[in-house]
Structures are given as C-alpha cells and as structure tokens.
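Summary of structural features
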Amino acid sequence: FFFASADSFLRTEQRKMKTLALLTSGLVVLTSLVGTRAGCPNGCSGHGTCGIDEVCQCYPGWGTDGHAGGDCSDRFCPFELAWVDNPTRE
C-alpha cells in the first residue's frame, strides 16, 4: 500500500515539474519576443508620437538640432528667434 501511494506521489510531482518547466520556457520565449521590438529613439522624449515605422512624429516646435524629427528632444522655433540661443556677431 505504501509503495503504490509513493509511486503515485512521484508521478504527480514529475508532472508538476514538467508543467513548471514548460511554463517557464514559454515565459522566456514570450519575454524575448516582446523585448526585441525596437521602438522610437528615446521614446520621442515625450514630445511626439511613435509611428508604425518607428519614427517619431514630433509635436510642433519640437525636433532635433533645429529640425523636425529625430527623437524630439530639442525645442525650436521654425519661424522666429529661438527661445534659447547663443548671440552671434552677424
């Protein structure tokens, strides 16, 4: 009687271990698939939206190096003087 119950217990524990191993490996695969998606540079710095092609569409007045686009990290004024600029002799 004792051996039959111990054998049944071992089979149940082995099934549990196999199930746990399968779930763990599935979780690893899903995590790696989600982690491979690139995304927009710098998350568009919170000043734009990330398009399907993973290129930032910056809000008006935001871009990179004075131009619309990039990671939308710089504020610029395309039509008048900049909010922050260095004076020049020109």
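Preceding this section is the structure that the text describes.
Here we summarise the structure given alongside this text.

Rules and cut-offs
- Starting from 1, residues in each chain are numbered consecutively following that chain's sequence as written.
- Under the rules for a predicted model, residues below a pLDDT of 70 receive no local features and side-chain atom pairs below 80 are neither given nor counted, while totals for whole chains, interfaces and linings still include all residues.
- Water and hydrogen atoms play no part in the side-chain values, which are based on all heavy atoms of the structure.
- Put simply, DSSP marks the helices as runs of H or I at least four residues long and the strands as runs of E at least two long, and each gets a number from the N terminus on.
- Note on definitions: a residue-residue contact is assigned when non-hydrogen atoms from the two residues lie within 4.5 Å.
- Accessible surface is estimated by sampling points in the Shrake-Rupley manner with a 1.4 Å probe; for residues, cover comes only from the protein chains shown.
- Counting rule for disulfides: a pair of cysteine sulfur atoms within 2.5 Å.
- Whether a residue is buried, partly exposed or exposed follows from its accessible area with a 1.4 Å probe, protein chains only, as a fraction of its type maximum: under 20%, in between, or over 50%, in that order.
- Any carboxyl oxygen of Asp or Glu that lies within 4 Å of a side-chain nitrogen of Lys or Arg is treated as forming a salt bridge with it.
- The sign given to each residue is positive for Lys and Arg and negative for Asp and Glu; His and the chain ends receive no count.
- For this analysis, a polar contact is any N or O atom pair within 3.5 Å, provided that within protein one partner can donate a hydrogen and the other can accept it, and provided that sequence-adjacent residues contribute only side-chain to side-chain pairs.

A word on the overall build of the protein. Scanning the protein for helices and strands turns up 1 helix and 4 strands. In sequence order, the secondary structure elements of the protein are arranged as α-β-β-β-β. Within the protein, counting contacts between residues at least 6 apart in sequence, those at least 24 apart form 15% of the total. If you sum the accessible surface of the protein, you get close to 7800 Å²; carbon and sulfur atoms cover 62% of it.

Another aspect to go through is the state of the cysteines. Note on terminology: disulfide describes a covalent bond linking the sulfur atoms of two cysteines. A complete count under the given rule lists 3 disulfides for this structure. Here cysteine 44 connects covalently by a disulfide to cysteine 56, the sulfurs 2.2 Å from one another. Here the S-S torsion is close to -100°, and the disulfide linking cysteine 44 with cysteine 56 is therefore left-handed. In this pair, cysteine 44 is assigned in the loop between helix H1 (2–35) and strand E1 (48–50) and cysteine 56 in strand E2 (residues 56–58), connecting sequence segments 12 residues apart. Across the pair, cysteine 56 and cysteine 44 agree in class, each one buried. Sequence-ordered numbering of the bonded cysteines in the protein gives a disulfide pattern of 1-3, 2-4, 5-6.

Moving on, we come to the pattern of salt bridges. Counted under the stated rule, the structure contains 1 salt bridge. Salt-bridge contacts for glutamate 13 lead to lysine 16; the nearest nitrogen and oxygen are separated by 3.4 Å. Residue glutamate 13 and its partner lysine 16 are both found in helix H1; the two are separated by 3 residues, about one turn of the helix. Overall, glutamate 13 belongs to the partly exposed group, its relative accessible area being 29%.

Here glutamate 54, not a glycine, exhibits a phi torsion of approximately 60°, which is positive. Its place among the elements puts glutamate 54 in the loop between E1 and E2. Of note in the backbone geometry, cysteine 72 takes a positive phi value of approximately 60° without being a glycine. The topology assignment puts cysteine 72 in the loop between strand E3 (62–63) and strand E4 (74–75).

This brings us to the side chain of aspartate 71. Tracing the backbone shows aspartate 71 in the loop between E3 and E4. Of the buried charged residues, aspartate 71 lacks a salt bridge, with arginine 75 as the closest side chain of opposite charge at 14 Å. Side chain to side chain, aspartate 71 and serine 73 meet in a polar contact 2.7 Å long. The residues touching aspartate 71, leaving out its near neighbours within four places in the chain, are Pro41, Asn42, Cys44, Ser45, Cys56 and Thr64.

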